[in-house]
Amino acid sequence: QKEVEQDPGPLSVPEGAIVSLNCTYSNSAFQYFMWYRQYSRKGPELLMYTYSSGNKEDGRFTAQVDKSSKYISLFIRDSQPSDSATYLCAFQAGTALIFGKGTTLSVSS
Amino acid sequence: KAGVTQTPRYLIKTRGQQVTLSCSPISGHRSVSWYQQTPGQGLQFLFEYFSETQRNKGNFPGRFSGRQFSNSRSEMNVSTLELGDSALYLCASSTQTGDGTEAFFGQGTRLTVV
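Anyway, here's the lowdown on the structure attached to this text. (Residues numbered from 1 in each chain as written. Chains lettered and ligands numbered in written order. Predicted model: local features only at pLDDT ≥ 70, side-chain atom pairs only at ≥ 80, totals over all residues. Heavy atoms only, no water.)

**Considerations on the state of the cysteines**
- The final tally for this structure, using the stated rule, is two disulfides over all chains.
- Between the sulfur atoms of Cys23(A) and its disulfide mate Cys89(A) the distance is 2.0 Å. Of note, the bridge from Cys23(A) to Cys89(A) carries an S-S torsion of about -95° and is left-handed in sense. With Cys23(A) in strand β3 (residues 19–25) and Cys89(A) in strand β9 (residues 85–93), this pair connects stretches of sequence that are 66 residues apart.
- Residue Cys89(A) is classed as buried on the basis of its relative accessible area, which comes to 0%.
- Disulfide pairing is shown between Cys23(B) and Cys91(B); the S-S distance is 1.9 Å. (Disulfide = S-S within 2.5 Å. Helix = DSSP H or I, 4+ residues; strand = E, 2+ residues; numbered from the N terminus. Buried < 20%, exposed > 50% of the residue type's maximum accessible area, 1.4 Å probe, protein only.)

**Side note on the sheet that holds strand β6 (residues 54–58) of chain A**
Residues and elements named next belong to chain A.
- The sheet built from five strands is open, its strands ordered β1-β3-β8-β7-β6 with antiparallel pairing. Only two strands of the sheet have a single partner each, and these edge strands are β1 (4–6) and β6. Across this sheet, the average inter-strand angle for adjacent strands is 15°, counted without regard to direction.
- As paired strands, β1 and β3 are joined by three bridges and run antiparallel to one another. The residue of β3 that forms the bridge with Gln 6 is Cys 23. (Pairing = 2+ DSSP bridges. Axes fitted to C-alpha atoms, helices over the stretch in contact; angles between N-to-C directions.)

Given below as structure tokens:
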């Protein structure tokens, strides 16, 4: 079983849609749960992080963690063309980050 | 505030050669981590340095090495390059050792091995 599984997509949605991105993980030792966004030809940038089960909201973005199911999600409301990017889930394991392979999202206007 | 700077942005090398990549962290950040990004494997952790000491190492062969200087700038070296080493190499800096909750990534160095 892979340590982190993330559907690579691509995912194409119209502007204004609600987007759901998901990852599953197998390592119970993961401490923090993060979502990064990576635009083409750029490095990843941290969107949100959380360390406990439940929801965390930041503007149009909501991160959800279910530790019992080892499942995390990122919801994007009212998606915009500027949200078109690759979204990577990431997990803190000691001093290293373990990443999913990323989901490519395209939002059309 | 300047971000993480990686140089060079692009490199083309021949199999068997060696290469050195450079990373200048955000001012005040003492932790530098290196990652390799490929389409097949995604982002994979190489190693992390904090205050000139390697704190953690990923599952890569000994051809991959790094170091950190007293000003927190870091270099990574790959010797005896293989075609499979073609990748985007990213570094991230943070104030605390390996703190992913405040890690800032550079734009990466695109290495192509021919």
